[in-house]
Amino acid sequence: MHVPRFWREIPNRYTLIGTKCGHCEKIFFPPRAICPNCRRVGHLEPFKLSGRGRVYSFTTVYAGPRDFKDQIPYVLAIIELEEGPRVMAQITDCNGEEVKIGDEVEMVFRKIKEEGEEGIIYYGFKARLVRKKEASDPSGKG
Ligand SMILES: [Zn+2]
């Protein structure tokens, strides 16, 4: 189960909301209540992240939890967001071979999994490779 805990806590599901320390200006995602650097000195405020980042590391998953069996193989990556925080996300719309460390990605809002009996669909963020020639496509498809 990889649906992040922050998921239930953010009011706007289509936006990556982290927190920014007003003292050291470090940005955290998922949001934190206390800055680990400044402790009580730092006052954390909500901060909207751009959703852009780069592949820091990745692994291709060939055998995963049952919930993800329809998606195997899939690429699970650590994304370094341009504001600094690192997040783990599945890379969507790729077959694995095309992912390289340092690749530019954007976070997109996608179906994470579906529960058959109840028909419940879970949504969350995945990362999508930014291909230069498609960078201006605003449709969100692909
Ligand atoms: Zn701080």
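Note that the structure is predicted; figures quoted are calculated from it, not measured.

What counts, and at which threshold
Residues numbered from 1 in each chain as written. Predicted model: local features only at pLDDT ≥ 70, side-chain atom pairs only at ≥ 80, totals over all residues. Heavy atoms only, no water. Donors = N, O, S within 2.8 Å, 3.2 Å for Na, K, Ca; no water. Tetrahedral: all angles 85-135°; square planar, octahedral: opposite > 155°, others 65-115°. Helix = DSSP H or I, 4+ residues; strand = E, 2+ residues; numbered from the N terminus. Core = buried A, V, L, I, M, F, W, Y, C linked by side-chain atoms within 4.5 Å. Buried < 20%, exposed > 50% of the residue type's maximum accessible area, 1.4 Å probe, protein only. Contact = heavy atoms within 4.5 Å. Polar contact = N/O pair within 3.5 Å; in protein donor to acceptor, adjacent residues only side chain to side chain. Phe/Tyr/Trp six-rings, centres within 6.5 Å; stacked < 30°, edge-to-face > 60°. Lys NZ or Arg CZ within 6 Å of the ring centre and 35° of its normal. Pairing = 2+ DSSP bridges. Axes fitted to C-alpha atoms, helices over the stretch in contact; angles between N-to-C directions.

Participant: In this structure, what is going on with the coordination of the zinc ion? I would like to understand it.
Facilitator: Any two of four tetrahedral donors ideally make an angle of 109.5 degrees at the metal, while pairs among six octahedral donors ideally make 90 or 180 degrees. Within the protein, C21 (SG), C24 (SG), C35 (SG) and C38 (SG) serve as the donor atoms for the zinc ion, at 2.2 to 2.3 Å. Metal-centred angles of 106 to 114° between the four donor atoms at the zinc ion mark the site as tetrahedral. Site description for the zinc ion: donor spacing in sequence, C-x2-C-x10-C-x2-C. Of the two residues, C24 sits in the loop between β1 (17-21) and β2 (27-28) while C38 sits in the loop between β2 and β3 (44-48), which places them 14 residues apart along the sequence.

Participant: What exactly am I supposed to notice about the nonpolar core here?
Facilitator: Ranked by size, the top nonpolar core spans 19 residues in total, and within it V55, I79, L81, I91, V99, M107 and A127 carry the most contacts. Only β5 (74-81), β6 (86-92), β7 (104-115) and β8 (120-129) provide two or more residues apiece to this core. Apart from the residues within four sequence positions on either side, I79 is in contact with G53, R54, V55, Y56, P85, R86, V87, A89, V105, M107 and A127. Counting five residues, the second-largest nonpolar core is a separate cluster that includes C21, F28, C35 and C38.

Participant: Please explain the side chain of R110 as it appears in this structure.
Facilitator: Locating R110 in the fold gives a position in strand β7. In this structure R110 comes out as buried when scored by relative accessible area, which is 17%. A polar contact of 3.5 Å, which involves the side chain of R110, links it to the side chain of T92.

Participant: For this particular structure, what's the right way to read the packing of aromatic side chains?
Facilitator: Any aromatic ring pair is given by two values, namely how distant the centres are and how the planes are angled relative to each other. Under the counting rule described, the total for this entry stands at one aromatic pair. Where F109 meets F125, the ring centres are 5.7 Å apart and the plane angle is 75°; that geometry is what we call edge-to-face. Taken as a pair, F109 in strand β7 and F125 in strand β8 lie far apart in primary sequence, 16 residues in all. Positioned over the ring face of Y56 is R86, at 3.7 Å from the centre of the ring.

Participant: Help me out: how do you make sense of the sheet that holds β7 in this one?
Facilitator: Two pairing modes exist for strands in a sheet, parallel and antiparallel, and in both the strands are linked by backbone hydrogen bonds. What the five strands build is a closed barrel, ordered β4-β5-β6-β8-β7; its pairing is mixed. Sheet twist, expressed as the mean angle between neighbouring strand axes with direction ignored, is 45°. Looking at chain direction, β5 and β6 are connected through six bridges and run antiparallel. When the sheet's bridge partners are listed, V75 is paired in β6 with I91.

Participant: Where do I start with the pairing of β1 in this structure?
Facilitator: The side chains of a regular strand alternate between both faces of the sheet. Direction of pairing for β1 relative to β3: antiparallel, over a ladder of five bridges. Looking at β3, one finds that I17 is bridged to K48. For β1 and β2, the ladder comprises two bridges, and the chain directions are antiparallel. When the sheet's bridge partners are listed, T19 is paired in β2 with F28. Between the antiparallel neighbours β1 and β2 lie five residues, among them E25 with a positive phi of about 65°.

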